[in-house]
Amino acid sequence: MFVSIPSRATPSPRWATPLLFAVIWIAFLWSISRPDEARRTLWLDWGALATGLANPQDWWAALRDGSMLRLFTALFLHADWSHLLGNLVFLLIFGLPAERVLGSWRFVLLFLLGGAASNVAALYAMGTPDRVIIGASGAVSALIGTYLALFPGAKLGVVVPLGLFLEFIRAPAFLLIGAWALLQVVFAYIGPSFGMVAWAAHVAGFIFGVSYGLYVRAAIARRLRKRHGF
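Residues numbered from 1 in each chain as written. Predicted model: local features only at pLDDT ≥ 70, side-chain atom pairs only at ≥ 80, totals over all residues. Heavy atoms only, no water.

Colleague: Honestly, the overall build of the protein in this entry has me stumped. Any pointers?
Modeller: Helices and strands together make up the secondary structure of the protein, namely nine helices and two strands. Of all 230 residues assigned to the protein, the portion counted as buried reaches 39%. Put simply, of all contacts in the protein between residues at least 6 apart along the chain, 73% involve residues at least 24 apart. If you sum the accessible surface of the protein, you get close to 13300 Å²; carbon and sulfur atoms cover 69% of it. (Helix = DSSP H or I, 4+ residues; strand = E, 2+ residues; numbered from the N terminus. Buried < 20%, exposed > 50% of the residue type's maximum accessible area, 1.4 Å probe, protein only. Contact = heavy atoms within 4.5 Å. Areas by Shrake-Rupley, 256 points an atom, 1.4 Å probe, with all protein chains shown as cover.)

Colleague: How should helix α1 (residues 16-32) be read in this particular structure?
Modeller: Side chains that are three or four residues apart share a direction in an α-helix, a result of its 3.6 residues per turn. For α1, which comprises 17 residues, the first-to-last C-alpha distance of 24 Å matches the rise-based estimate of 24 Å (1.5 Å per residue) to within 8%. For α1, the full list of buried residues reads Ala16, Thr17, Leu20, Ile24, Ala27, Phe28 and Ser31. Axial view of α1: buried residues confined to an arc of 105°, hence all on one face. Where α1 is buried, its residues contact α2 (36-46), α5 (81-102) and α6 (104-126). (Expected span 1.5 Å × (residues − 1). Arc of directions from axis to C-beta.)

Colleague: What is the right way to look at the packing of α5 against helix α7 (residues 137-150) in this model?
Modeller: When two helices pack together, their arrangement is given by the angle between the helix axes and by the axis-to-axis distance. In the contact formed by α5 and α7, the axes pass within 9 Å of each other and the chain directions differ by 35°. Relative to α7, the crossing made by α5 is left-handed. Each of His83, Asn87, Phe90, Leu91, Phe94, Gly95, Pro97, Ala98, Val101 and Leu102 in α5 lies in contact with α7, whose residues at this interface are Ser137, Val140, Leu143, Ile144, Thr146, Tyr147 and Leu150. Residues belonging to the contact of α5 with α7 are distributed by class as follows: twelve nonpolar, five polar and no charged. (Axes fitted to C-alpha atoms, helices over the stretch in contact; angles between N-to-C directions. Left-handed = near helix turned anticlockwise from the far one by under 90°. Nonpolar A, V, L, I, M, F, W, Y, C, P; charged D, E, K, R; others polar.)

Colleague: So what exactly am I meant to see when it comes to the nonpolar core here?
Modeller: If you look at the biggest cluster of nonpolar residues, it comprises 36 residues, and the most contacted ones within it are Ile24, Leu91, Leu102, Phe107, Phe111 and Ile177. Among the elements of the structure, α1, α5, α6, α7, α8 (173-190) and α9 (199-228) are those that each provide at least two residues to this core. It is α7 that contributes the most residues to this core, eight residues altogether. Excluding its chain neighbours within four sequence positions, the residues that come into contact with Ile177 are Phe94, Ile144, Tyr147, Leu148, Leu156 and Phe206. Residues Leu71, Ala116, Leu123 and Ala201 belong to the second largest nonpolar core, which totals eleven residues. (Core = buried A, V, L, I, M, F, W, Y, C linked by side-chain atoms within 4.5 Å.)

Colleague: Honestly, the confidence of the model for the protein in this entry has me stumped. Any pointers?
Modeller: Detailed reading of the predicted coordinates is not advisable wherever pLDDT is low. Across the protein, the average pLDDT comes to 79, with 73% of residues at 70 or higher. Looking at the elements of the protein, mean pLDDT is at its lowest for strand β1 (residues 155-162), recorded as 61, and at its highest for α1, recorded as 93. Note on residues 1-9: pLDDT under 50 across the span, and eight contacts to partners over four residues away in sequence or across chains. (pLDDT = per-residue confidence, 0-100.)

Now the structure itself:
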């Protein structure tokens, strides 16, 4: 349980979510300004490890030649507007409240490590070394998982179509996020009939995020107990 403690200290500005939003947006605008062939080359050069990581030798080689960084650079590349805007909307919805609890640096760490872990999971799940993964979906899934761990009793607004009208309602976050997570698992097993989406990255990112959020939540509780002598 979280306890609100009044403080006279001015809260530090939260810069990580706006910064990530801006970098992802600028990277996309830069990529679409390039010719089609140059854009595909960009994805091949900076997408998540097209050579694969099938064995320890591949990992060692990726570390030595620097291509391991592509697990992170891939997070800032997007294929089209729908791919981009979906991730940016979820980044704002779940990133801003999560950053307030985590702090900016821990939030950046969550985004990068969660995204990299999800890319690794997707590469193994695909089993095809000639495929390239791009996009922040895995990192955003990690944010969603952490949000759920930090705010299990929160409510989220959702628009529900009722005939000719749209109704805005508030529903428990664990129900909406739970349904979303279940769909990711189902789609991961259905396969390519739902398009070129790395569903395994979503699942892995979500699991990483929940684990990260539970760890941080326990650390905060321990810190509060020590501070108040409990």
